[in-house]
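# Architecture at a glance
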Amino acid sequence: MIVNPLRDPRDRRLPRVPDPCALVVFGITGDLARKKLLPAVYDLANRGLLPTNFALLGFARRDWGDQDFAELARDAARKAARTPWREEVWERLAGSVHFVQGSFDDDNAFDELAAALADLESSHGIGGNAAFYLSIPPAMFPVVLKQMQRTGMAESTPDRWRRVVVEKPFGTDLASSRELNELVDSVFSAEDVFRIDHYLGKETVQNLMALRFANSLFEPIWNGHHVDSVQITMAEDVGIGGRAGFYEKTGAARDVLQNHLLQLLALTAMEEPVEFSAEEIRTEKLKVLRAISLPEDLPTAAIRGQYEQGWLAGQRAQGYRQEEGVDPESTTETYAAVRLGVETRRWAGVPFYLRTGKRLPRRVTEIALVFKRAPHLPFADTDTEELGNNQLVVRVQPDEGVTLKFGSKVPGSVMEVRDVSMDFLYGEQFTEASPEAYERLLLDVLLGDATLFPRNAEVEASWAVIDPLEQFWAGSSPHPYRAGEWGPRAADEMLAAEGRRWRRP
Amino acid sequence: MTTLWDTTGSAVVKELAAQRRTGGAVLSGVALTLVVVADEDRVAEAEEAATAAAEQHPCRILLVVRRQIEAPVPRLDAEVLIGGRLGPGEAVVMRMYGRLALHAESVVLPLLAADAPVVAWWHAPAPERLQTDALAVIADRRITDSSIAEDHLAALRTRANDYAPGDTDLAWTRTTAWRSALASTLDAVSGRRGDSVRVQGGRVEGDPGNASARLLAGWLTSRCGCEVEVVEGDRRPGPSGVGAVLLQLDQDEEVTVRADRHGGALLTQPYRPDTKVALPDRPLGDLLGEELRRLDPDEPYAEALEAATGVQGLAARSAEREHVWFDPARPDDGDDRRRTEGDGAAADAPTVPGDSVGTDDVALNGERNADEPADPSAPVA
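Figured I'd write up the structure that's included with this text.

Reading the values: the criteria
Residues numbered from 1 in each chain as written. Chains lettered and ligands numbered in written order. Predicted model: local features only at pLDDT ≥ 70, side-chain atom pairs only at ≥ 80, totals over all residues. Heavy atoms only, no water. Helix = DSSP H or I, 4+ residues; strand = E, 2+ residues; numbered from the N terminus. Buried < 20%, exposed > 50% of the residue type's maximum accessible area, 1.4 Å probe, protein only. Contact = heavy atoms within 4.5 Å. Areas by Shrake-Rupley, 256 points an atom, 1.4 Å probe, with all protein chains shown as cover. Lys, Arg positive; Asp, Glu negative; His and termini not counted. Charge placed at Lys NZ, Arg CZ, Asp CG, Glu CD. Salt bridge = Lys/Arg side-chain N within 4 Å of Asp/Glu carboxyl O. Polar contact = N/O pair within 3.5 Å; in protein donor to acceptor, adjacent residues only side chain to side chain. Phe/Tyr/Trp six-rings, centres within 6.5 Å; stacked < 30°, edge-to-face > 60°. Axes fitted to C-alpha atoms, helices over the stretch in contact; angles between N-to-C directions. Parallel < 35°, antiparallel > 145°, perpendicular 65-115°, else oblique. Nonpolar A, V, L, I, M, F, W, Y, C, P; charged D, E, K, R; others polar. Pairing = 2+ DSSP bridges. Left-handed = near helix turned anticlockwise from the far one by under 90°. Core = buried A, V, L, I, M, F, W, Y, C linked by side-chain atoms within 4.5 Å.

Each helix and strand counted, chain A has 14 helices and 18 strands in total. Overall, the C-alpha framework of chain A stretches about 80 × 60 × 45 Å when taken along its three principal axes. Looking at chain A residue by residue over its 505 residues, the buried ones come to 56%. Within chain A, contacts between residues separated by at least 24 positions form 77% of all contacts whose residues are at least 6 apart in sequence. Roughly 21600 Å² of accessible area belongs to chain A as shown, and the carbon and sulfur atoms make up 50% of that amount. Computed over 59 positive and 76 negative side-chain charges, the inter-centroid distance for chain A is 4 Å.

This paragraph deals with the overall build of chain B. A count of helical and extended segments in chain B gives 11 helices and 14 strands. The buried share of chain B, reckoned over its 381 residues, is 54%. Put simply, 71% of the contacts in chain B that link residues at least 6 apart link residues at least 24 apart. Carbon and sulfur atoms form 48% of the exposed surface of chain B, whose accessible area is close to 17000 Å².

Okay, the interface of chain B and chain A next. One frequently used descriptor of interface size is the decrease in accessible area upon assembly of the parts. Every contact between the two is made by 54 residues of chain B and, on the other side, 33 residues of chain A. At the boundary of chain B with chain A, the tally comes to 7 salt bridges. Joining chain B to chain A, the criterion identifies 14 residue pairs in polar contact (both at pLDDT 80 or more). Listed by contribution, the elements that provide at least two residues to the side of chain B that touches chain A are helix 2 (43-56), helix 6 (170-173), helix 7 (176-193), helix 8 (211-224), strand 13 (264-268), strand 14 (275-278), helix 9 (284-293) and helix 10 (299-309) of chain B. Looking at the side of chain B that touches chain A element by element, the count peaks at 10 residues for helix 7 of chain B.

This part is about the packing of aromatic side chains. Residue and element names in this part refer to chain A. If you walk through the whole model with that rule in mind, you get 20 aromatic pairs over all chains. Ring centres of Trp347 and Phe352 lie 5.4 Å apart, and the angle between their planes is 80°; this geometry places the pair in the edge-to-face category. Comparing Trp347 with Phe352, the two get one shared label, buried. Measuring from ring centre to ring centre gives 5.9 Å for Tyr353 and Trp502, while their planes differ by 70°; the resulting arrangement is edge-to-face. Taken as a pair, Tyr353 in strand 13 (residues 352-357) and Trp502 in the segment after helix 14 (489-496) lie far apart in primary sequence, 149 residues in all.

So, about the packing of helix 8 (residues 244-269) of chain A against helix 9 (residues 278-291) of chain A. Residue and element names in this part refer to chain A. It is the contact of helix 8 with helix 9, at a shortest axis distance of 9 Å, that shows an interaxial angle of 110°. Judged by the inter-axis angle, helix 8 sits roughly perpendicular to helix 9. Between helix 8 and helix 9, the contacting residues are Leu262, Gln263, Leu265, Ala266, Leu267 and Ala269 on the first element and Lys285, Val288 and Leu289 on the second. Of the residues in the contact of helix 8 with helix 9, the class split is 7 nonpolar, 1 polar and 1 charged.

Here we take up helix 12 (residues 437-447) of chain A. Residue and element names in this part refer to chain A. The element helix 12 is largely enclosed, with a buried count of 9 among its 11 residues. Within helix 12 the residues assigned to the buried category are Ala437, Tyr438, Glu439, Leu441, Leu442, Leu443, Asp444, Val445 and Leu446. For helix 12, the side-chain oxygen to backbone nitrogen distance between the N-cap and Tyr438 is 3.0 Å, and the N-cap itself is Glu436. Once helix 12 ends, the next one or two residues include Gly448, with phi positive near 80°.

Turning next to the sheet that holds strand 4 (residues 130-134) of chain A. Think of a sheet as strands paired side by side through backbone hydrogen bonds, with each pair either parallel or antiparallel. All names here are of chain A. Across the sheet, which stays open at both edges, the 6 strands sit in the order 3-2-1-4-5-6 with parallel pairing between neighbours. The open sheet has two free edges, formed respectively by strand 3 (97-101) and strand 6 (193-196), since each of these has just one partner strand. Strand-to-strand, the axes of this sheet are offset by a mean angle of 20°, without reference to chain direction. Across the sheet, helix 12 lies against strand 1 (21-26), strand 2 (54-60), strand 4, strand 5 (162-167) and strand 6, angled at about 150° from strand 5, the strand it touches most.

Residues and elements named next belong to chain B. As summarised here, the arrangement of the 6 strands in space is 10-9-11-12-13-14, forming an open sheet in which the pairing is mixed. Of all the strands in the sheet, just strand 10 (228-232) and strand 14 have a single pairing partner and so form its edges. Averaged over all neighbouring strand pairs, the angle between strand axes comes to 20°, with direction disregarded. Where strand 9 (residues 199-206) lies against strand 11 (residues 242-249), 7 bridges are found, and the strand directions are antiparallel. Looking at strand 11, one finds that Val204 is bridged to Val245. Packing against the sheet, helix 8 makes contact with strand 9, strand 10 and strand 11, and its axis sits at approximately 150° to strand 10.

Quick look at the environment of Gln269 of chain B now. With respect to the secondary-structure elements, Gln269 of chain B resides in the loop between strand 13 and strand 14. A sequence separation of 20 residues divides Gln269 of chain B from Gly289 of chain B, and the C-alpha atoms of the two residues are 32 Å apart. Ignoring any residue separated from it by four or fewer positions in sequence, one finds Gln269 of chain B in contact with Asn53 of chain A together with Ala188, Val189, Glu254 and Val255 of chain B.

Moving on: the packing of helix 8 of chain A against helix 13 (residues 456-473) of chain A. A pair of packed helices can be characterised by two numbers: the angle between their axes and the separation between those axes. Residues and elements named next belong to chain A. The interhelical angle for the contact between helix 8 and helix 13, taken along N-to-C directions, is 135°, at an axis separation of 10 Å. Taken together, the axis directions place helix 8 and helix 13 in an arrangement best described as oblique. In the crossing of helix 8 with helix 13, the sense of the turn from one axis to the other is right-handed. Between helix 8, through Ala253, Arg254, Leu257, Gln258, Leu262 and Gln263, and helix 13, the contact on the second element is made entirely by Glu458, Val459, Ser462, Trp463, Val465, Ile466, Leu469, Glu470 and Trp473.

Residue and element names in this part refer to chain A. Formed by 152 residues in total, the largest nonpolar core has its most connected members in Phe26, Leu117, Phe132 and Leu354. The element that contributes the greatest number of residues to this core is helix 8, accounting for 13 residues. When near neighbours in sequence (up to four residues on either side) are disregarded, Phe26 contacts Phe59, Phe104, Phe110, Leu113, Phe132, Tyr133, Leu134, Ser135, Ile136, Val144 and Met148.

Right, let's talk about the side chain of Arg455 of chain A for a bit. Inspection of the secondary structure puts Arg455 of chain A in the loop between helix 12 and helix 13. Excluding anything up to four places from it in sequence, Arg455 of chain A contacts Arg195, Glu279, Arg282, Thr283 and Leu286 of chain A.

The structure is reproduced here in structure tokens:
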């Protein structure tokens, strides 16, 4: 049945635009809302991707009117927007921006919010649809969710949808994440819950699926017969910033390994989904996450580290224990490296090395497939001294792209083979500004497309990998490493013991 | 930047290669080649638009300016730029004089990026039949602009008569913002009803002599199955030629989208408050950028063009174009070369082949004698 005669699947010029709806942001005055959400909303409006009937509702404790809020929103959007600033676009948007003041335990405030949503129905024609973005600390979830349940805001009916967006961390271990999932699922139905892992909104991560499943070149070698090992790195040059309170309790493994790195591993290792749909992709990812095995020799294959003072990018950086708000005896890790296995026919025996850390030399995220060496080299040993393993590297950020590293003859009268790299730079082939991760994910939430959102079974399977590591690490102290170097020595030794070494990203 | 005066095609190829080597960190990825055909007085405009489009889609820009076809001595002047005035990529601006202008493809062919799609854009009145320009034959996608013509409607009819899949027109691109506003308006209506919407009639208010307004009406006609006309509006419309669109829906409802001339439009629909949507007038470069986004045939355009002009069967035409020799200096057949106009007679081969397509017997038929079997798998006697 054709619902709208003007929509034509062949007409690729017309953008996908969500139904009329409202976006309700809890914690609108927070960092994330100001730096990411508000600019993303503006960018969506500027690209013409928001529905004609749209409203943005902010909820926070501050005593503000719509006007004050509109001003803050304008400044925030203008500062961080990626598309050029057009006053007329903002003016149109500003007419749909509203603010509700109150604290999360205040019944009146939520009644007011429910009333404001109902008003928007008549004033902006949002059709009763609303997405709630919980940009608040997880400790506040229960209160806010209970309030939404009490006021009936969370109910999807056949006439309208209500969705909720949850940010990481999704719990701190398997038990707490189950609790959180149960809580969220008791208020919203499972398909209305969107867990944001902003890495999955990045263009390169989605391109990983195109690279693997749209080409015939890579799939035949994408397995343990040809791949020697896989290295997935997410390095940050920054320290913990002002987040000591959060980080002390969390650490690198829970903060990054549990979500971003395991999701990247799942996308790298998963089988081909039956079709490119949310359900099928999530099914394949879940299979991989459940097939992950932990190393038996945890002391050598699960390393954590903590940065000490050092020099980074020409500046003195203080050690983790000296950071403000950090316990001087803290054993929280700022670096984690682990060797995992994936127990499937495709990957049995191939180690997956995952590492993440703060205060590493540069900010970089990449997935590197290191291939086995050729079984026989017809050249003299001296000819191939400088030849390493072939590598296929997917650079997630920065310089999004793909690098292929292989041996090539050095020009000259003797036979000498050396590694060269062939680069595909995303920005060179498609400079068209690809949407920012939040922009893309926000649009997907409003469209109801869950392809890029992990579901709760994935979150729980990820915790099942992390929990034993945390138990093993509990009570021990992390290996120290200097700020500005690539992690502790023990992590290098972990690979060296197996005749491998970390790639310098 | 290097300017080569009175040069040859091979010198341009060499210069481009030399500049790529010495250019340092320039964009090496080229997703497509954009061949721009422009009049001398529109060169600046074309350069600006091509640069803006190249920022969105890295491409090699080949700008062809044909001048003084009657000049007695053929001559080529070329400007080779890498990371200069024409954006971060590679660009060659070529001015061709004399008979060379009729053989522009001889210079362009060796400059095309290897195995990448070729897009040709006429920022000039396009030829009546695109086949008569060899540049159209080598292009995978051809962009014309009916709004350049004096008589938009005649230009649209010409394009419809000449249409082949892969053709598109900037007059069509100018309707995208309108189409998107209209489609999402009907989304809102169907969302409210929870049921489908049918359009029973409507009209486009604007300039009936404007190509974009006609195409928009044609699109509505083709999508809704009811006649949508362009009628003169009370206010003078903007560059898109459309001032307002009114659609009568089933269940006695009506929606209107009316441009406010400040980069927006007011949307009126039943049971909902009026809303404003963005409807900016887009610069040429932005339009061109949209065209470069997809390089597959644009079926909705073909249907809109059919409905706007009444010419039928556009989508069924072959996408293959074969070069037809045409000499503008002798439009009336004064030479031994003959122009073929609708009489179905095949054109004589030009003395200097337009390009190698279709002329290389070995490439076409393989190395065999005419009396040998055509099937290569058949045993050779």
